[in-house]
4 protein chains.
Amino acid sequence: MDKGKIAEWLAQGSVAIPKLLLQHYKQLGLSEVEFMALLHMHSFMQEGIWFPTPAELAERMTLTPAQCMETLRKLLQKGFISIEEQVDEQAVRSETYSLKPLWEKLVHYLLAQSLTEEKKERQEEEQ
Amino acid sequence: MDKGKIAEWLAQGSVAIPKLLLQHYKQLGLSEVEFMALLHMHSFMQEGIWFPTPAELAERMTLTPAQCMETLRKLLQKGFISIEEQVDEQAVRSETYSLKPLWEKLVHYLLAQSLTEEKKERQEEEQ
Amino acid sequence: MDKGKIAEWLAQGSVAIPKLLLQHYKQLGLSEVEFMALLHMHSFMQEGIWFPTPAELAERMTLTPAQCMETLRKLLQKGFISIEEQVDEQAVRSETYSLKPLWEKLVHYLLAQSLTEEKKERQEEEQ
Amino acid sequence: MDKGKIAEWLAQGSVAIPKLLLQHYKQLGLSEVEFMALLHMHSFMQEGIWFPTPAELAERMTLTPAQCMETLRKLLQKGFISIEEQVDEQAVRSETYSLKPLWEKLVHYLLAQSLTEEKKERQEEEQ
């Protein structure tokens, strides 16, 4: 068992998932499989792969490429991810996924929830 | 929109998932739903809840408590988690889940994989 | 080299640090040593040690217990941490550190910064 | 206070630091400032900046560019980081930092420590 191998494993690092998302994805309308697809996309993007294909996702998931394609389609349609066009220095166009809509949905949910709580507290005070 | 609320959100923090696990859970025999159940258990344990109930898991997952119970049973049976008995200072017994078996399975897989690679390299050299 | 040991190492997990804090601690008035002290406190608190002593911090840092005490004093005085009193079920009082002031300072800074940017943009539009 | 801004903050994400490193950097011979320099390098590399300059580091640290240069020099000399040469598809050469030596040092330390513990246990059993 060589040391270099273990060092390589430690070097792989981790993906950090905000607890807020872990605790509220259900209320946002995400299933566990969809959450995992987003997690894989996030991880791919950290590795510099900005537009992972259904086949690439399927290599890491228990889904077929067709099922991954369907999951991506749903995530786009439900507004959790978007596709952005990039133009690089050589004027070459390329597409990247963006998870920005996911974070916006989360903030929207948290703000609505905190407004509801405030309202409730005020009503209780008035009684 | 008050500042304290946003500060509270930032303070929630994140759960870190090793990329090695994210890339190989499929080969270990875990489904996406089982992975998510483990992730929730890990998060509960970080909050000091060492033996989350099916009902507690079901609050955060899109599963019913019965389905969470079934998932926990499967994770135990397939050897991804174990139940450990703790005895505290007042001699009160309590049970906690342990994810140690999961990490042992991952290391076992990684070692086997690196042995296979070494063998292949040696065979290629010999030819 | 036994597998159990490597599994134990992987099981240790990671502490997640928001990039926002990493990029702006300097502007908040934190030095590198103070940042590290906060990081150790955060890690201790995740382990269930809510009021790490200067001696406990000194075991992990290159500082003496007296220097750790001085660092804690400064962090309290500059308003990055606070001490909160807890009363448990048996009415036993205990003290815990809270990092909430740190997150409030960060949000305060980010909001001020985004207001300044907006103002600048508006002024540029008017010209 | 617009929602998009808060979403952007959440989207920034976190850097995950292995607790093993946090608990043992002192024994590896790293100071707090050196640890922070490594953390910034890691974060830059995640952003795709593989060879951060002293000036770039100095923007985020309380050090001057000259002090950052000196810190990088020390980290190289003490064997915590290395410089690797990359050749891209257009045969353009570029240099990148690598943190692999850091992880190797950590594994080396952990293995030595676990051997010492085993020896001690065996000696205690023999008595």
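Participant: Describe in detail the interface of chain B and chain A, supporting the description with residues and values.
Facilitator: Opposite the 36 residues of chain B that make contact, chain A presents 36 residues. Interface area, chain B with chain A, both sides summed: about 3,500 Å², of which 62% is carbon and sulfur. For chain B, the biggest contributors to the area lost against chain A are Trp-9, Lys-19 and Glu-32 of chain B; these three give 20% of the whole. Linking chain B with chain A are 2 salt bridges. Between Glu-117 of chain B and Lys-5 of chain A there is a salt bridge; the shortest N-O distance is 3.9 Å. Taken together, chain B and chain A are joined by 18 residue pairs in polar contact (both at pLDDT 80 or more). At the level of secondary structure, the elements contributing two or more residues to the side of chain B that touches chain A comprise helix H1 (3–11), strand E1 (14–18), helix H2 (19–28), helix H3 (32–46), helix H4 (54–60) and helix H6 (100–126) of chain B. A per-element tally of the side of chain B that touches chain A places H3 of chain B first, with 8 residues.

Participant: Residue-level account of a nonpolar patch on the surface, with values.
Facilitator: A surface patch of nonpolar side chains, amounting to about 210 Å² of accessible area, comprises Phe-51, Leu-76 and Ile-83 of chain B. Residue Ile-83 of chain B is classed as partly exposed on the basis of its relative accessible area of 37%.

Participant: So, the side chain of Gln-23 of chain D: which residues are in play, and what are the values?
Facilitator: Note that Gln-23 of chain D resides in helix H2 (residues 19–28). On the basis of relative accessible area, Gln-23 of chain D is assigned to the buried category, the value being 16%. With residues near it in sequence (within four places) discarded, Gln-23 of chain D still touches Gln-12, Glu-47 and Arg-60 of chain C.

Participant: Residues and numbers for the packing of helix H3 (residues 32–46) of chain A against H2 of chain B, please.
Facilitator: Two elements in contact, H3 of chain A and H2 of chain B, have axes separated by 11 Å at closest approach and are oriented at 125°. Taken together, the axis directions place H3 of chain A and H2 of chain B in an arrangement best described as oblique. Our pair here, H3 of chain A against H2 of chain B, has a crossing hand that is left-handed. In contact with Met-36, Leu-39, His-40, Ser-43 and Gln-46 of chain A of H3 of chain A, H2 of chain B contributes Lys-19, Leu-22 and Tyr-25 of chain B. When its residues are assigned to classes, the contact of H3 of chain A with H2 of chain B shows 4 nonpolar, 3 polar and 1 charged.

Participant: Before we move on, could you go through the interface of chain C and chain A and cite the residues and values that matter?
Facilitator: On the chain A side, the residues contacting the 5 residues of chain C number 5 residues. Of the roughly 440 Å² buried between chain C and chain A on both sides combined, carbon and sulfur atoms contribute 83%. One can count 0 residue pairs in polar contact (both at pLDDT 80 or more) joining chain C with chain A. Broken down by secondary-structure element, the contributors of at least two residues to the side of chain C that touches chain A are helix H1 (3–11) and strand E1 (14–18) of chain C.

Participant: Break down the relation of the copies chain C and chain A for me, with residues and values.
Facilitator: Between the two chain copies there is a screw-like relation: a rotation about an axis and a shift along it. When chain C is brought onto chain A, the operation consists of a screw motion whose angular component is 180° and whose axial shift is 0.0 Å, with 0.0 Å RMSD remaining. Interpreted geometrically, this transformation is the action of a two-fold axis. Here 100% of the interface residues in chain C have copies in chain A that are interface residues too; the copies meet face to matching face.

Participant: Please provide a residue-by-residue account of empty space enclosed by the protein, values included.
Facilitator: Leftover empty space is mapped by rolling, across the atoms, a probe with the size of a water molecule. Throughout the structure, instances matching the rule amount to 3 cavities of 30 Å³ or more. Around the largest cavity sit 27 residues that line it, and Leu-10 of chain B, Ile-17, Pro-18 and Trp-103 of chain C together with Ser-14 of chain D are the ones nearest its centre. For the lining of the largest cavity, the elements supplying multiple residues, two or more each, are strand E1 (14–18) of chain A, H1 of chain B, E1, helix H2 (19–28), helix H3 (32–46) and helix H6 (100–126) of chain C together with helix H1 (3–11) of chain D. Counted by class, the lining of the largest cavity contains 19 nonpolar, 7 polar and 1 charged residues. The computed volume of the second largest cavity comes to approximately 170 Å³.

Participant: Account for the environment of Ser-43 of chain C, naming residues and giving values.
Facilitator: Inspection of the secondary structure assignment puts Ser-43 of chain C in helix H3. Exposure remark for Ser-43 of chain C: the relative accessible area of 1% places this residue in the buried category. As for Ser-43 of chain C and Ala-16 of chain C, which are separated by 27 residues in sequence, their C-alpha atoms are 9.6 Å apart. Filtering out sequence-adjacent residues up to four positions away, Ser-43 of chain C remains in contact with Val-15 and Arg-60 of chain C together with Lys-19 and Leu-22 of chain D.

What counts, and at which threshold
- Residue indices follow the written sequence of each chain, beginning from 1 at its first position.
- Going through the entries in the order they are written, you letter the chains from A and number the ligands from 1.
- Local features in this predicted model are restricted to residues whose pLDDT is 70 or higher, and side-chain atom pairs enter the listing and the counts only when it is 80 or higher, whereas totals over whole chains, interfaces and linings include all residues.
- The side-chain values count all of the structure's non-hydrogen atoms but skip hydrogen atoms and water molecules.
- We call two residues in contact whenever any of their non-hydrogen atoms come within 4.5 Å of each other.
- For any pair of parts, buried area is found by adding up, for both, the accessible area (1.4 Å probe) each one loses once the two are put together.
- Criterion for a salt bridge: a side-chain nitrogen of Lys or Arg within 4 Å of a carboxyl oxygen of Asp or Glu.
- Here a polar contact means two N or O atoms within 3.5 Å. Within protein one must be a hydrogen donor candidate and the other an acceptor candidate, and residues neighboring in sequence count only if both atoms are side-chain atoms.
- Each helix is a run of DSSP H or I of at least 4 residues and each strand a run of E of at least 2, with the numbering of both proceeding from the N terminus.
- Any residue with relative accessible area above 30% and no salt bridge may belong to a patch, with like charges joined within 9 Å and the nonpolar Val, Leu, Ile, Met, Phe, Trp and Tyr side chains within 5 Å.
- Exposure was quantified through the Shrake-Rupley algorithm and a 1.4 Å probe, taking into account, for residues, occlusion by the shown protein chains and nothing else.
- Note on classification: 1.4 Å probe, protein chains only; a residue is buried when its accessible area is under 20% of the maximum for its type, exposed when over 50%, partly exposed between these limits.
- Angles here are taken between N-to-C directions and fall from 0 to 180 degrees, while the axes themselves are lines fitted to C-alpha atoms, restricted in helices to the stretch in contact.
- Relative orientations are named as follows: roughly parallel for angles under 35 degrees, roughly antiparallel for angles over 145 degrees, roughly perpendicular for angles from 65 to 115 degrees, and oblique for any other angle.
- By definition, any crossing whose near helix is turned counterclockwise from its far helix by less than a right angle is left-handed, and any crossing with a clockwise turn is right-handed.
- Each residue is assigned to one of three groups, with Ala, Val, Leu, Ile, Met, Phe, Trp, Tyr, Cys and Pro labelled nonpolar, Asp, Glu, Lys and Arg labelled charged, and all others, Gly among them, labelled polar.
- The copies are overlaid by a least-squares fit using only the C-alpha atoms of residues whose pLDDT is at least 70 in both copies.
- Using only the protein atoms, space was sampled on a 1 Å grid; points where a 1.4 Å probe fits but cannot get out form cavities, open sets with protein on both sides within 12 Å along at least five of seven lines form pockets, and lining residues are those with an atom within 4 Å of a point.
- Grid points are joined across faces, edges and corners, and a volume is the space filled by probe spheres set on the points.

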